[in-house]
Amino acid sequence: DTGVSQNPRHKITKRGQNVTFRCDPISEHNRLYWYRQTLGQGPEFLTYFQNEAQLEKSRLLSDRFSAERPKGSFSTLEIQRTEQGDSAMYLCASSLGQGALGYTFGSGTRLTVV
Amino acid sequence: AQSVSQHNHHVILSEAASLELGCNYSYGGTVNLFWYVQYPGQHLQLLLKYFSGDPLVKGIKGFEAEFIKSKFSFNLRKPSVQWSDTAEYFCAVNPTNFGNEKLTFGTGTRLTIIP
């Protein structure tokens, strides 16, 4: 499968714990995006990378959230001290060139904070 | 900041019926417009996109959308739906200013097709 891969598919964690998600983009794609989708809403932009540089972060990305793309390939999204409001589907997308015209989304990681 | 409104939250149709899903956006400048589809258990997929030229764009699986600039609308249409079109449909907008790479999505419309 040469699509965007996200792991794990599901994560259940207790409030206050830290969690980390991984995204492996399509190999030749230089841009990588994180979105969050809550029930009944469309995806909301969190952050994006061009190669290893994080170029934009949404105000939704509080200081408990951090994203990295250390070698310009895979990316990780970490949430520290999780809260129930963090429960959502976390989506990753990648693109080559002008991003908005060519996103490929992964299947997402569903986080449940109990 | 831009926003997207999708007026229909849940649409139920019989097979062979015609479909129109509404999408309006608010943004003062030029935009790229998209419709994405999410079939049950699958990832978001691009259905069609508009960024310039002919305001009537055709996408996959017989879908089309018309950009009406004066109405800030980008409605999705299909003349005859099939059971396999059951999915959630998201409209999205991306301002064309340089370096703006993010999409702003609407809340989605769930489409249920009854055989």
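Here's a quick rundown of the structure. Just so you know, these numbers come straight off a predicted model, no measurement behind them.

1. Thoughts on the state of the cysteines
Scanning all chains against the criterion turns up two disulfides over all chains. The side chain of Cys23(A) participates in a disulfide bridge whose partner is Cys92(A); the two sulfur atoms lie 1.9 Å from each other. On the sign convention where negative is left-handed, the bridge of Cys23(A) and Cys92(A), at about -70° about the S-S bond, is left-handed. Here Cys23(A), found in strand β3 (residues 19-24), pairs with Cys92(A), found in strand β9 (residues 88-95); they are 69 residues apart in sequence, far enough to count as distant. The two residues Cys23(A) and Cys92(A) agree in class, both being buried. One disulfide in the model links Cys23(B) with Cys91(B); its S-S distance is 1.9 Å.

2. A look at the sheet that holds strand β7 (residues 65-68) of chain A
Residues and elements named next belong to chain A. The strand order across the open sheet formed by four strands is β1-β3-β8-β7, and the pairing between neighbours is antiparallel. At either margin of the open sheet sits one strand with a lone partner, and together these are β1 (5-7) and β7. Between one strand axis and the next, the sheet turns by 15° as a mean value, whatever way the strands run. The pairing of β3 with strand β8 (residues 75-79) spans five bridges and is classified as antiparallel. By the bridge assignment, Cys 23 is partnered in β8 with Ser 75.

3. Concerning the pattern of salt bridges
With the rule as written, the count across this model stands at nine salt bridges over all chains. Taking the shortest distance from any N to any O, the salt bridge between Glu56(A) and Lys102(B) comes out at 2.8 Å. Placement of the pair is Glu56(A) in strand β6 (residues 53-57) and Lys102(B) in the loop between β10 (87-95) and β11 (104-105), with the two residues belonging to separate chains. Overall, Glu56(A) belongs to the partly exposed group, its relative accessible area being 23%. For Lys102(B), a relative accessible area of 23% translates into the label partly exposed. With a closest N to O distance of 2.8 Å, Asp86(A) and Arg64(A) form a salt bridge. Remark: Arg64(A) occurs in the loop between β6 and β7 and Asp86(A) occurs in the loop between β8 and β9; sequence separation between them is 22 residues.

4. Let's talk about the nonpolar core
One finds Leu33(B), Trp35(B), Leu48(B), Phe74(B), Leu76(B) and Tyr89(B) to be the most contacted residues of the largest nonpolar core, which totals 28 residues. Of all the secondary structure elements, the ones that give two or more residues to this core are β2 (10-14), β3 (19-21), β5 (31-38), β6 (45-50), β8 (64-68), β9 (73-78), β10 and β12 (109-114) of chain B. Ignoring sequence-local partners within four residues, the contact set of Tyr89(B) consists of Gln6(B), Leu21(B), Trp35(B), Tyr36(B), Val37(B), Leu47(B), Phe63(B), Leu76(B), Gly108(B), Thr109(B) and Leu111(B). Within the second largest apolar cluster, 19 residues are counted, among which are Trp34(A), Leu77(A), Cys92(A) and Val113(A).

5. Considerations on the interface of chain A and chain B
How big an interface is tends to be stated in terms of the accessible area lost upon association of its parts. On the side of chain B, 17 residues touch chain A, which itself brings 21 residues to the contact. Summed over both sides, the interface between chain A and chain B buries roughly 1600 Å², with carbon and sulfur atoms accounting for 53% of that surface. If you sort the residues of chain A by the area they bury against chain B, Ala100(A), Leu101(A) and Phe105(A) come out on top, with a joint share of 35%. Inspection of the chain A/chain B interface yields two salt bridges.

6. Here's the deal with the environment of Glu78(A)
All names here are of chain A. Relative to the elements of secondary structure, Glu 78 occurs in strand β8. By relative accessible area, which is 25% here, Glu 78 ends up partly exposed. Leaving out residues up to four positions away in the same chain, Glu 78 has contacts with Asn 18, Val 19, Thr 20, Arg 64, Phe 65 and Ser 66.

7. Section: the environment of Lys61(B)
Residues and elements named next belong to chain B. Along the chain, Lys 61 falls in the loop between β7 (56-58) and β8. The partly exposed category is assigned to Lys 61, whose relative accessible area is 46%. Between the alpha carbons of Lys 61 and Thr 107 there is a distance of 22 Å; along the sequence they are 46 residues apart. Not counting residues within four places of it along the chain, the set of residues in contact with Lys 61 comprises Tyr 39 and Lys 78. Looking at Lys 61, its side chain comes within polar contact range of the side chain of Tyr 39, at 3.2 Å.

Rules of the game
- Residues numbered from 1 in each chain as written.
- Chains lettered and ligands numbered in written order.
- Predicted model: local features only at pLDDT ≥ 70, side-chain atom pairs only at ≥ 80, totals over all residues.
- Heavy atoms only, no water.
- Disulfide = S-S within 2.5 Å.
- Helix = DSSP H or I, 4+ residues; strand = E, 2+ residues; numbered from the N terminus.
- Buried < 20%, exposed > 50% of the residue type's maximum accessible area, 1.4 Å probe, protein only.
- Pairing = 2+ DSSP bridges.
- Axes fitted to C-alpha atoms, helices over the stretch in contact; angles between N-to-C directions.
- Salt bridge = Lys/Arg side-chain N within 4 Å of Asp/Glu carboxyl O.
- Core = buried A, V, L, I, M, F, W, Y, C linked by side-chain atoms within 4.5 Å.
- Contact = heavy atoms within 4.5 Å.
- Buried area = accessible area lost by both parts, 1.4 Å probe.
- Polar contact = N/O pair within 3.5 Å; in protein donor to acceptor, adjacent residues only side chain to side chain.

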